[in-house]
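Residue-level structural notes
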Amino acid sequence: MRYLCRLGFLKSYSIDNLLYLPFIKSQSCLLSSHSKSSKHHPSKNGHNKSQTESETKSIGSLFSEIAEILGAETVTDGRYPDAFSESNGTQLSFSEVSAEYTSYTQGVRRIAEENTREQVNLSVLEDTQARSPGGNDVSPMVEQITNIVRAETGAGSMEERLEKSSLVLDSGVVEKVLKRCFKVPRLALRFFRWVKFQNGSCHTTRTYNTMLYIAGEAKNFGLVEKLIGEMEEKGCEKDIKTWTILISHYGKANLIGKALMVLEKMRESGCEPDVAAYMILIRSLCNAQKADVALEFYKEMVQMGMQLDMSLYKLLLTCLAGRGDIAGFQSVADDMIKGSQIPERDVFSCMLKSFCIAGRIREALELIRDLNDKNLTLEPDDFETLVKGLCTADRITDAVEIVDIMKKRKVLNAETHGIIISGYLRRNDIPRAFDLLQTMTESGYVPTVSTYTELMQHLFRLNEYQKGCKLYVEMLERGVEPDSVAITAMVAGHVQQNRISEAWKVFNSMQDRGLRPTWKSYSVFIMELCKISRTDEIMKVLNEMQASEIVVGDEIFNWIISYLEKKGETEMVQKVIQMQRTCKLYPQEHEVSGNNVPKRLAHNLDLNSNRLETVRMNFHLVEHIPKTNNEQDLQEICRILSTSTSWCLIEEALERCTVQFTPQLVVKILCNSSLHVHSALRFFSWVGNRDGYSHTTETYNMGIKILGSGKNFKAMKNLFFEMRRKGHPITPDTWTIMIMRYGRAGLTEIALRNFAEMKADDCKPNGSTYKYLIICLCGRKGRKEDEAIKLFQEMIRAGYVPDKELVETYIKCLCQAGKLLDGRRCIEALRKLGFTIPLSYSLYIRALCRAGRLEEAVALADEVGTERVKLDQYIFGSLVHGLLRRGRLKEALEKVDSMKEVGIHPNVHVYTSLIVHFFKEKQMEKALETFQKMKEEGCKPTIVTYSALIRGHMDMGNIVDAWNVFRLIQREGPFPDFKTYSMFISSLCKVGKSEEALQLLSEMLDSGIVPSTINFRTVMFGLNTEGKHSLASTVLQKKLALKSKRMLLA
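Let me begin by describing the structure that accompanies this report. Remember, it's a predicted structure, so these values are computed and weren't measured experimentally. (Residues numbered from 1 in each chain as written. Predicted model: local features only at pLDDT ≥ 70, side-chain atom pairs only at ≥ 80, totals over all residues. Heavy atoms only, no water.)

Counting buried residues along helix α42 (residues 767-777), 10 of its 11 residues qualify, which places the element largely inside the surrounding structure. The complete set of buried residues in α42 reads Ser768, Thr769, Tyr770, Lys771, Tyr772, Leu773, Ile774, Ile775, Cys776 and Leu777. Capping the start of α42 is the job of one residue whose side-chain oxygen sits 3.2 Å from the backbone nitrogen of serine 768: asparagine 766. (Buried < 20%, exposed > 50% of the residue type's maximum accessible area, 1.4 Å probe, protein only. Helix = DSSP H or I, 4+ residues; strand = E, 2+ residues; numbered from the N terminus. Polar contact = N/O pair within 3.5 Å; in protein donor to acceptor, adjacent residues only side chain to side chain.)

As structure tokens, then:
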């Protein structure tokens, strides 16, 4: 268990790690150590600047020395700026390093993963000569059964056809059939289950191993656990292949904790890991950035006389370089030379690549100097590696100087030119990239397909469609054969211009060229089609993808489902969900009826209601709408309003539709179009001018609400005056909507003036008016405690009973303002209104704890007599929370134990407070143990709990783990809300991951949650700080685009 202890509690839920490059986490450790050291210097900026200048000069002199060694005479061309004014230092953040080295790093990882898969395939899935134990050839039987299993059509089910075949099966035949069905896991499982019920003795360790491998490949770890349980029930012994398969699949899924637990169980069973098991585990640890633990296992291998293969040596070196473990790095390199007898020249190349991938330019240059001392020369591949490393570190001038040396040595090639072009593109220096392209072609070099592809992608992003197409034609004319990536880039370019026929023509050309579309090709095609709302084409691509026997995967299905839900196409959603289920290993025990709303869609509605008040408050503040409208009409109009930003196109579509509009239907349409304010209000005006239709108070109220949500208060007030001019009754709800909108924007003075106007207009405020005005006055923006106190007392005198939400907000405001006497009066008023003693006291005590007034809270609790036990149930979590905020952990834990003794178990509030405390104290293991204990005791985490986990991981520098938690709740719930997105965006920007925050901003919009101005500002500031000005401008464009949707344009 020593490895588990060293790792701490590893997250078993971190399943998907698809979006992040291999070295982000390890580099964050390097950066964090740097930031810690900087804290000791009060003159931070000045010190860092001088330190950076010193570092730059140091690297500059080192590079000059290396350039002289390699044969450079002078810096080549005066066109380029000074080599060392381009960068703030060689040690870039790892997100920048990895961004440039994505293709190379993924190549190393892909080789490693393919080797892993090859090892497992060779030992588990290789279909050896089909002979029975007695030596008889069973190939015809295996072929016949395989055809029955894989046939999707035929008379009767698969099981019926198998029974009718009357074939006698043995374990060898079953194993071979399963191996031939590993690409269709659901069919393999059905066959496996059928054999189990027909003749359980056919299943042996070998058949279970094969099924375990298939289930692991499908990432169905629930099935994996179930199969292991079945093996134990049947008494099937686990052999070394069983353990190796489990370690392999848990490792590939980044479930490192599970993989290490399997290793421990393996050893406990008396089965020692072999070379394959060690290599699989080390590879998984490297990919998960657990370099220190990987090194421990490597040392074990060396002690046992085992060796790695070359690809794994490369991966381990790269991981150690990224981690900054130079001693471990050097020891592995020494073992490669002495133990594995790898030529020193080859080891040097591996070391150089690893340093360059990790962004360690200084170490790479020092390595070249050491190479010179040993009278070894650089090979052409080494020059190329160094050029790529320099470009990655944003030292393009230095890279150009190395290219000139390569030219003199006559080792220059098109690939090296492509690296420089890629460096310019990374800087968004498009003109210089194309100048270099022209220069290299004039010099007789033919650009590679990857260079052409990258240039095309940048042109399409800049909306230079014609230039991108021209470049593709040029590539073909030069005889450069496009690969699937180049063709996919061209498909994306066509789709972005809504040229679907051209896109299909290019996509289908893959087969003509002998290429097979990849999962990535299909996914890009589908994503681009989603952006232009081409549902029919999306389904066509999806069907073709399934027909090609490529595993679609939940990621693509979830994209499509999300897109269809936003379009309101519920029938199509059910169809895609059904397609998704057929791709699973386990069929669902129940089918979703067409009337059921998918969980994700229901959640999006909840998010909208929380953020925009489009559900709960809409229907609360307008007259109840009977469910008599045709839902199909509602969906059709909502689809029209959301498919385009051009009102002319929307109006044409509305004129063509045959929907009979009623005020009830219009209110529903407006309610469901809150994210498209501009279109919704244009629709409001359009429908109001139609013959046979007239607006009502309810439709005007909804229009006022939508304008207020877009903060277009002038138009909101004008609509109010129009409503009055046309003689529609001005109800208390009309005033309440305007008051609430002003208040939530922090304009509480205007909200109070509207309240006074309401009274002057002889319109009596109702309970909702008082509630939302008091809540706004107690908010952070525009807080006015004295006015809130007066209104609360006025509300009580008017006979309205405040609800729990209002009381909590009001008392919290009083405690924060130090108005404890008014808090006392509030409790007394609540008791007169029928609130019980425990409930009224608990509301006040919670507010005191949250305001940091722990002593007052405890004293107040002591005043309660016989009902103290019931009160403790209400305030338990708040007291623990208050103690932890003061850092009094021991007292908090004693409180938890004392409550357990009287039968009160910790609730989600208590567990979440403990998790927050442990992360704050940098005790990550305890925080994760608390989270695990919480789940084991049946206490379901809330979105607040998961948000605390995300924030804690970010504070600890575990960015990948934070993303894993976020992806988990995106898939399984509780779904992220506005506060979760905002916190994560802010945390990412603080650690220099603003590009990832930008991605999160887009996902936030896609989830139906409207980002705030602060969200946009945070991301823009972060990107500009990181020097990514072009990306920062796209954030501004997003903000303006959203504003245009949510504001009524003149």
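Among the secondary structure elements, lysine 717 is positioned in helix α39 (residues 713-725). Those residues in contact with lysine 717 that lie beyond four places of it in its chain are Met738, Tyr742, Asn754 and Glu757. (Contact = heavy atoms within 4.5 Å.)

Here we take up the pattern of salt bridges. On inspection of all chains with the given rule, the structure shows 34 salt bridges. Measuring nitrogen to oxygen at the nearest pair gives 3.0 Å for the salt bridge that ties glutamate 143 to arginine 180. On the criterion of sequence distance, the pair formed by glutamate 143 in helix α6 (residues 139-150) and arginine 180 in helix α8 (residues 171-180) is long-range, its members being 37 residues apart. Between arginine 267 and glutamate 272 there is a salt bridge; the shortest N-O distance is 3.9 Å. Each of Glu175, Lys179 and Arg206 takes part in one network of salt bridges that share partners. (Salt bridge = Lys/Arg side-chain N within 4 Å of Asp/Glu carboxyl O.)

Glancing now at empty space enclosed by the protein. In this approach a probe as big as a water molecule rolls over the atoms, and the regions it shows empty are the leftover space. One pass over the structure, following the stated rule, counts five cavities of 30 Å³ or more. Here the second largest cavity defines a volume of roughly 50 Å³. Looking at the second largest cavity, the residues that line it are Glu808, Lys812, Leu843, Arg846, Ala847 and Arg850. Counting residues per element, the ones that place at least two in the lining of the second largest cavity are α44 (804-817) and α46 (837-850). The element best represented in the lining of the second largest cavity is α46, accounting for four residues. Per-class residue counts for the lining of the second largest cavity are two nonpolar, no polar and four charged. (1 Å grid on protein atoms, 1.4 Å probe; cavity = no way out; pocket = protein on both sides within 12 Å on 5 of 7 lines; lining within 4 Å. Points joined across faces, edges and corners; volume = space filled by probe spheres on them. Nonpolar A, V, L, I, M, F, W, Y, C, P; charged D, E, K, R; others polar.)

This next bit is on the packing of helix α36 (residues 663-672) against helix α38 (residues 697-709). Here α36 crosses α38 at 10 degrees, and the two axes come no closer than 9 Å. Here α36 is positioned roughly parallel relative to α38, judged by the angle of their axes. Contacts from Pro663, Val666, Val667, Leu670 and Cys671 in α36 reach Glu698, Thr699, Met702, Gly703 and Ile706 in α38. Residues that form the contact of α36 with α38 fall into these classes: seven nonpolar, two polar and one charged. (Axes fitted to C-alpha atoms, helices over the stretch in contact; angles between N-to-C directions. Parallel < 35°, antiparallel > 145°, perpendicular 65-115°, else oblique.)

Taken as a whole, this structure holds zero disulfides when the rule is applied. The thiol of cysteine 286 is unpaired, and the distance to the nearest cysteine sulfur, on cysteine 319, comes to 4.3 Å. (Disulfide = S-S within 2.5 Å.)

The subject of this paragraph is the nonpolar core. Residues Phe191 and Ile420 are the most contacted members of the largest nonpolar core, which totals 164 residues. In terms of residue count, helix α16 (residues 310-323) provides more of this core than any other element does, eight residues in total. Excluding its chain neighbours within four sequence positions, the residues that come into contact with isoleucine 420 are Val387, Cys391, Ile396, Ala399, Val400, Val403 and Leu436. Cys778, Tyr810, Ile985 and Leu988 belong to the second-largest nonpolar core, a separate cluster that totals 135 residues. (Core = buried A, V, L, I, M, F, W, Y, C linked by side-chain atoms within 4.5 Å.)

This part covers the packing of aromatic side chains. By the definition in use, this model includes 27 aromatic pairs. Ring geometry for phenylalanine 792 versus tyrosine 810: centroids 4.1 Å apart, planes at 10 degrees, classification stacked. Residue phenylalanine 792 is found in helix α43 (residues 785-797), and its partner tyrosine 810 is found in helix α44; the two are separated by 18 residues along the sequence. Here the two residues phenylalanine 792 and tyrosine 810 agree in accessibility, since each one is buried. Members of the aromatic cluster, each reached through a chain of ring pairs, are Trp504, Phe507, Tyr522 and Phe525. Of note, lysine 540 hangs over the ring of tryptophan 504, and the distance from its end group to the ring centre comes to 4.4 Å. Sitting above the plane of the phenylalanine 720 ring, lysine 717 keeps its charged end 5.3 Å from the centroid. (Phe/Tyr/Trp six-rings, centres within 6.5 Å; stacked < 30°, edge-to-face > 60°. Lys NZ or Arg CZ within 6 Å of the ring centre and 35° of its normal.)

Moving on, we come to the packing of helix α15 (residues 291-303) against helix α17 (residues 326-338). Where α15 meets α17, the closest approach of the two axes is 12 Å, and the angle between their N-to-C directions is 30 degrees. Classed by the angle they form, the pair α15 and α17 counts as roughly parallel. The handedness of the crossing between α15 and α17 comes out as left-handed. Facing α15, whose interface residues are Leu295, Tyr298 and Val302, α17 presents Gly328, Val332 and Asp335. Among the residues forming the contact of α15 with α17, the class breakdown is four nonpolar, one polar and one charged. (Left-handed = near helix turned anticlockwise from the far one by under 90°.)

The next subject is unusual backbone geometry. Non-glycine residue asparagine 498 carries a positive phi angle of around 65 degrees. Taking relative accessible area as the criterion, asparagine 498 reaches 45% and is therefore assigned partly exposed. For aspartate 762, which is not glycine, the phi dihedral falls at a positive 60 degrees. Looking at the secondary structure, you find aspartate 762 in the loop between α41 (748-760) and α42.

Turning our eyes to something else, we now look at a positive patch on the surface. There is a patch of like positive charges on the surface, built from Arg780, Lys812, Arg850 and Lys979. Structurally, the position occupied by arginine 780 is in the loop between α42 and α43. Assessed through its relative accessible area of 83%, arginine 780 is described here as exposed. (Patch = residues over 30% accessible without salt bridge, like charges linked within 9 Å, V, L, I, M, F, W, Y side chains within 5 Å. Areas by Shrake-Rupley, 256 points an atom, 1.4 Å probe, with all protein chains shown as cover. Lys, Arg positive; Asp, Glu negative; His and termini not counted. Charge placed at Lys NZ, Arg CZ, Asp CG, Glu CD.)

To continue, consider helix α55 (residues 994-1006). Over its 13 residues, α55 runs 18 Å from end to end, which matches the ideal 18 Å to within 8%, given 1.5 Å per residue. Listed as buried for α55 are Ser994, Glu996, Ala997, Leu998, Leu1000, Leu1001, Glu1003 and Met1004. Positive phi appears at glycine 1008, one or two residues downstream of α55, with a value of about 85 degrees. (Expected span 1.5 Å × (residues − 1).)

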